[in-house]
Structures are given as structure tokens and as C-alpha cells.
Amino acid sequence: MRAEVSRSAQHTPVASPLVGEAGAAKRRREGFPGPPPQGGREPAQSASRTSLVPRVRENCSEGNPKNRNGLDPQALLAWYDRHRRKLPWRAGAGERADPYRVWLSEIMLQQTRVSTVLPYYAKFLERWPSVRALAAAPLEEVLKVWAGLGYYARARNLHACARALIERHGGEFPHEESELRTLPGIGAYTAAAIAAIAFGRRASPVDGNVERVIARLFRVEAALPAAKAEIRRRAQTLTPETRAGDFAQAMMDLGATICTPASPGCDVCPWTADCSARRRGDAEDFPRRETKPAAKLRRGAAFFVLRPNRGVLVRSRPPRGLLGGMTELPTTQWTADFDARRALLAAPRLSSRQRWRRVPGVVTHVFTHFPLELIVYGTEVSARTLAPTGARFVPLDRLHDEALPNVMRKVVALALGGMGNRDVSPAPSRRAAWRAVRR
Ligand code: SF4
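Residues numbered from 1 in each chain as written. Predicted model: local features only at pLDDT ≥ 70, side-chain atom pairs only at ≥ 80, totals over all residues.

Draft legend 1. Quick look at the site of the ligand. Around the ligand, a shell composed of 15 residues is seen, among which Cys-259, Cys-266, Cys-269, Cys-275 and Ala-283 lie nearest. Elements that contribute at least two residues to the shell around the ligand include exactly α11 (208–217) and α14 (276–280). Of the residues forming the shell around the ligand, the biggest block, 3 residues, is contributed by α11. Within the shell around the ligand, the residues separate by chemical class into 11 nonpolar, 2 polar and 2 charged. (Near = placed C-beta within 6 Å. Helix = DSSP H or I, 4+ residues; strand = E, 2+ residues; numbered from the N terminus. Nonpolar A, V, L, I, M, F, W, Y, C, P; charged D, E, K, R; others polar.)

Draft legend 2. Local environment of helix α12 (residues 228–238). Considered for burial, the residues of α12 that qualify are Ile-231, Arg-234, Ala-235 and Leu-238. Down the axis of α12, the smallest arc covering the buried residues is 105 degrees, so these residues share one side. Along α12, the residues that are exposed and aim more than 90 degrees away from the buried face are Ala-229 and Thr-237. Residues of α12 that are buried in the fold lie against α3 (73–83) and α11. (Buried ≥ 20, exposed ≤ 12 C-beta atoms within 10 Å, placed from the backbone. Arc of directions from axis to C-beta. Contact = placed C-beta atoms within 7 Å.)

Draft legend 3. Spotlight on the nonpolar core. Grouped together as the largest cluster of nonpolar side chains are 111 residues, with contacts concentrated most on Ile-194, Phe-304, Val-376 and Val-411. Looking at this core element by element, the count peaks at 10 residues for helix α10 (residues 188–199). Here this core spans two domains, since at least three of its residues come from each of domain 1 (20–285) and domain 2 (298–438). (Core = buried A, V, L, I, M, F, W, Y, C linked by C-beta atoms within 7 Å. Domains from an automatic or database assignment.)

This is the structure:
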């Protein structure tokens, strides 16, 4: 089974009432010139849309030459100076960012919304305020605090990278992209982001948002993923010699808040006059993408075993591969040709009088490479029942301390009588648990 995410480092646009078609309408209603509040837009930045464009043009005419792409990086930097999102990992204007914070946030933001990352980032920083502290933590603890954020290979790589930084670099981050890329979990995007934002190197991190901006600015006709090389090359030529870190963050903000996938706010964009797609009126057609065949649905069954007073049966997944090292309820294999009639053959053997009941409903979950459907069987066992080899009982009120991935939280929620992605913390009531397994 493939790992749940490849290293692609795409910042998902901020979930915001100002993004997308509805967002465009709201932007219009509010005469909004800059990024939405979700990213932390400063209140003082709510100037009217009509007031922004002249400022940008002024800036362009103040002697900032356009580069050989015909675009003026200073126009974007001027916009960024006024409208940058306030994010906890960002340094103040004129300050150099802490590489640990930049790295931590960039890893967490891969395939994940800013709003989702914020509480995890705060929790991590409070628990492990430095590379050294993170490297000294047991991996199991890191996985537990990461639980719920998804794409768990990131947590394992984060921990491995912290240890590599201690062993190879005395706990300091190297400044060069090439050196950063030799560290676990740091690919081209993250290396460029750290080098530019934390060390001021002229590097060009290209995530999904930046890809979209570049593809539109230049109407890049090649389809992704083949277009990546051209987009990266164009991003590099656009990056200025100075303030490369601010420029990188400005590109991220522009893509996340103005140059959105649907209904981009071209009329408030600092590059509106020079953008090829805006001129042709077909921005939403970029970036071009190859159509991918739909991923095949996998199915399986999960087994919820409840012991009176003691808890629920869980086990740890193998350290490598999908959800590696995470906690799970016992399950069948997840396959495209799953046969529900044979599901109970894979149920844990607990006693000769075991009776399983099918819990109504089904759990659905989407991994990067495939969608999954799980049916759930529940049973209750006596307080003396021992866990089978490789499994253990965890008290229901301690389940939230386990590295329980979202798909397993859904299984527990369904088994406990709820539906959907309900968190198991605070711990669900035992009465609900009994009701669920007695159906
Ligand atoms: S003008 Fe429109 S399409 Fe072009 S970069 Fe700006 S927001 Fe994106």
C-alpha cells in the first residue's frame, strides 16, 4: 500500500469566506483589496479596492524596473507590505524568521489548510520549542500530538529530521537549499522555503498556490505535472535578488487569497496590468491539468471490541507505509475486491462465544491515492478477556492520548453511535458505547 502522501508541499488555500466564487462576491460587497481575515489580515489593511490599484501603479512608476518577465517584483512586495497575513510562524517586518518555526509550519502546511494547522502548530511549539527538544522526544509522543492532522509520514520525517539536525549539524539548520534537501522530509519546496524565508537566500519555493499564479501570469500552456519545470524556471527568474523571503511569502499569500482557483480577484491584484491570463480573460483555465483516471475505491471492515470498565481493543500499525506507527482498531485488508461476507474471518479471536454485530452505517475516508469505505462490526467481551498478541485494550477515556488517525476516529465515532468525523476527545460516554455495540 502506498504511503498516504507524496512530498508535494502544496499549501491548500485558506478556508475563507473571501475565497472562491462566494468569496469573490463577498470581496465585491466589501470592496476588499487584500487577503481575507483567516490568514490574519491586519485591520488597518481594509482600504477600498479602488485605492489599491493606483498605489500599486505608483509603486511601479517609482523606479522599480520590471524584470525580464515583464513583471515588477516590487509591485508584489509593496502589496505584501500592506496586506501580508499575520501568521504565528512569520517574523515581523524587517526581522529574520526562526528556521525551526518556518520548517515546522511548512511541513504542517503540506496538503493542509492554515486554519487546521494553527492549533497543531501552537501545541507542537509549546511542547517542543526547539529542534533539540523535538529530537529528544519519543516518536510515539510526536505521532500522538500529530494525530488528526493527517499525512502521518510527515510526523515521522519531522522527528527523523530533528534527529538528523542534531547529529549532523549540531542542531542548526543549514542555510543552503542543497544541504537542506539532504535532510529527511525536506524536498525542493521546503528547502527553498527555509532558505529564502529563514536565511534570505534567493530561492523560489513553488507550491500549488504559486504554480497557479505563475501559470496564469504567463499562460503556461503545458499541463501539470509536465509544466512544473517551466513554472519553476519562471518563478526563479521572477524572484528578486533582495527580500527573497518576503517575495516567497507574498507569492504564497497572493495565491491563497487573491489568485484563487475560482473567481480570482484580478481587479485587486498587484499584477493585474501585466498578467497574460487576466488580459485574455481566461485565468480560471490555468493551470492546465492532465486528467487523471479516478482512483479505485477500496473497502474493508473494522472491528470495535469493548471490554466493560477497561476499554477498546487497538493495535499499532507497522512502522512503515500507510499510517505507519499509528494506532488502529483491528481491520481487514482494504482492497478493491473486498468481500463483506468473509469479513468476520479477519476479526480478532477473543473467545469461542464471540458474537459480532454490524454497526449501521459506513465510514468513508479519502486518502491521497484512494477513497476508502469501512463497515464496522462491534462486540462486547467480558472484563477478563485478554487482548490477542499484538493488540491491547485502551480505556475509552484515554483513547484521545493515542495516535489515532482520522479514519479510525470515524470508526470509533460510528461504533459509539455517532456519525462522521467526531473527535474522541473528550472521551465518549460508556453508555453510548454499549448502546452502539448492542444494536
Ligand atoms: S491578475 Fe488575476 S489571474 Fe493574474 S495573477 Fe493576479 S489574480 Fe491571478
